[in-house]
Amino acid sequence: MARTWEGAAGRLMLGLAVLLHRTVTAKAAKQRLHGCRDAALRAAYRRGVPVEVLASRTRLTQGWVRKVVTGGKPPPVDEAA
């Protein structure tokens, strides 16, 4: 990941996602803040933060993070020739 403004913005979004993930308590607040967390994860991913870093910092599985950053769609699969 290049250390540019995009990288700094990505790290900031990751920090926000971690904060939101760790501070949710009530059921309604949990759903609302998880939406914000997921948006922050997607923003950090678009700015160049790898899935492995997102998963380790939020303590979520890499599969879950991949599902969040792709919008619930499965990742593209290369077809065998």
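Calculation rules
- Sequence positions are assigned chain by chain, starting from 1 and proceeding in written order.
- Whole-chain, interface and lining totals are the exception, using all residues; otherwise, since this is a predicted model, local features are given only for residues with pLDDT of at least 70 and side-chain atom pairs are given and counted only at 80 or more.
- No hydrogens and no water enter the side-chain calculation; it runs on all heavy atoms of the structure.
- Helical segments are the DSSP runs of H or I of at least four residues, strand segments are the runs of E of at least two, and each set is numbered from the N terminus.
- Residues are treated as being in contact if the distance between any of their heavy atoms lies within 4.5 Å.
- For our purposes a nonpolar core is just a set of buried Ala, Val, Leu, Ile, Met, Phe, Trp, Tyr and Cys residues, chained together by side-chain atoms within 4.5 Å.
- Think of it in three bands: with a 1.4 Å probe and only protein chains considered, a residue is buried below 20% of the maximum accessible area for its type, exposed above 50%, and partly exposed in between.
- Here a polar contact means two N or O atoms within 3.5 Å. Within protein one must be a hydrogen donor candidate and the other an acceptor candidate, and residues neighboring in sequence count only if both atoms are side-chain atoms.
- Axis definition: a line fitted to C-alpha atoms, over the contacting stretch in the case of helices. Angles run 0 to 180 degrees between N-to-C directions.
- Helix crossings get a hand from a simple test, with the near helix turned counterclockwise from the far one by less than a right angle marking a left-handed crossing and a clockwise turn marking a right-handed one.
- As a working rule, the residues Ala, Val, Leu, Ile, Met, Phe, Trp, Tyr, Cys and Pro are called nonpolar, Asp, Glu, Lys and Arg charged, and the rest polar, with Gly in that last group.
- When we speak of the arc, we mean the arc of directions from the helix axis to the C-beta atoms.

**Some thoughts on the overall build of the protein chain**
Move 1: Along its length, the protein chain carries four helices and zero strands.
Move 2: Across the protein chain, helices and strands are ordered from the amino to the carboxyl terminus as α-α-α-α.
Move 3: Taking contacts inside the protein chain between residues at least 6 apart in sequence as the whole, the part at least 24 apart equals 53%.

**As for the nonpolar core**
Move 1: If you look at the biggest cluster of nonpolar residues, it comprises 14 residues, and the most contacted ones within it are Leu14, Leu41, Ala44, Val49, Leu54 and Val65.
Move 2: When contributions to this core are tallied by element, the ones reaching two or more residues are helix H1 (5–22), helix H2 (27–46), helix H3 (51–58) and helix H4 (62–69).
Move 3: Those residues within four positions of leucine 54 in sequence are excluded, and the remaining contacts are Leu14, Leu41, Ala44, Tyr45, Val49, Val65 and Val69.

**Quick word on the side chain of threonine 58**
Move 1: Along the chain, threonine 58 falls in helix H3.
Move 2: A distance of 2.7 Å separates a polar side-chain atom of threonine 58 from the backbone oxygen of leucine 54.
Move 3: Excluding residues that lie within four positions of it along the chain, threonine 58 makes contacts with Leu14, Val18, His21, Leu41 and Val65.

**Looking at the environment of glycine 35**
Move 1: Note on placement: glycine 35 falls in helix H2.
Move 2: Exposure remark for glycine 35: the relative accessible area of 35% places this residue in the partly exposed category.
Move 3: Counting along the chain gives 14 residues from glycine 35 to histidine 21, while the straight-line C-alpha distance between them is 9.9 Å.

**Some details on unusual backbone geometry**
Generally, phi is negative for residues other than glycine and the peptide bonds are trans, each holding for most cases.
Move 1: Despite not being glycine, arginine 59 has its phi angle at roughly 60°, a positive value.
Move 2: Residue position: arginine 59 is located in the loop between H3 and H4.

**A word on the packing of H3 against H4**
Move 1: It is at 9 Å that the axes of H3 and H4 come closest, and there the two elements cross at 115°. The two elements H3 and H4 cross, and the hand of that crossing is right-handed. Here H3 contributes Val51, Glu52, Leu54, Ala55 and Thr58 to the contact with H4, which in turn contributes Gln62, Val65, Arg66 and Val69.
Move 2: Among the residues making up the contact of H3 with H4, the classes are represented as five nonpolar, two polar and two charged.

**Here's the deal with H4**
Move 1: Where H4 is concerned, the buried positions are Val65, Val68 and Val69. Viewed end-on, H4 has its buried residues packed into an arc of 90°, placing them on one side of the element.
Move 2: Directly beyond the C-terminal end of H4, a positive phi value near 75° is found at glycine 71.

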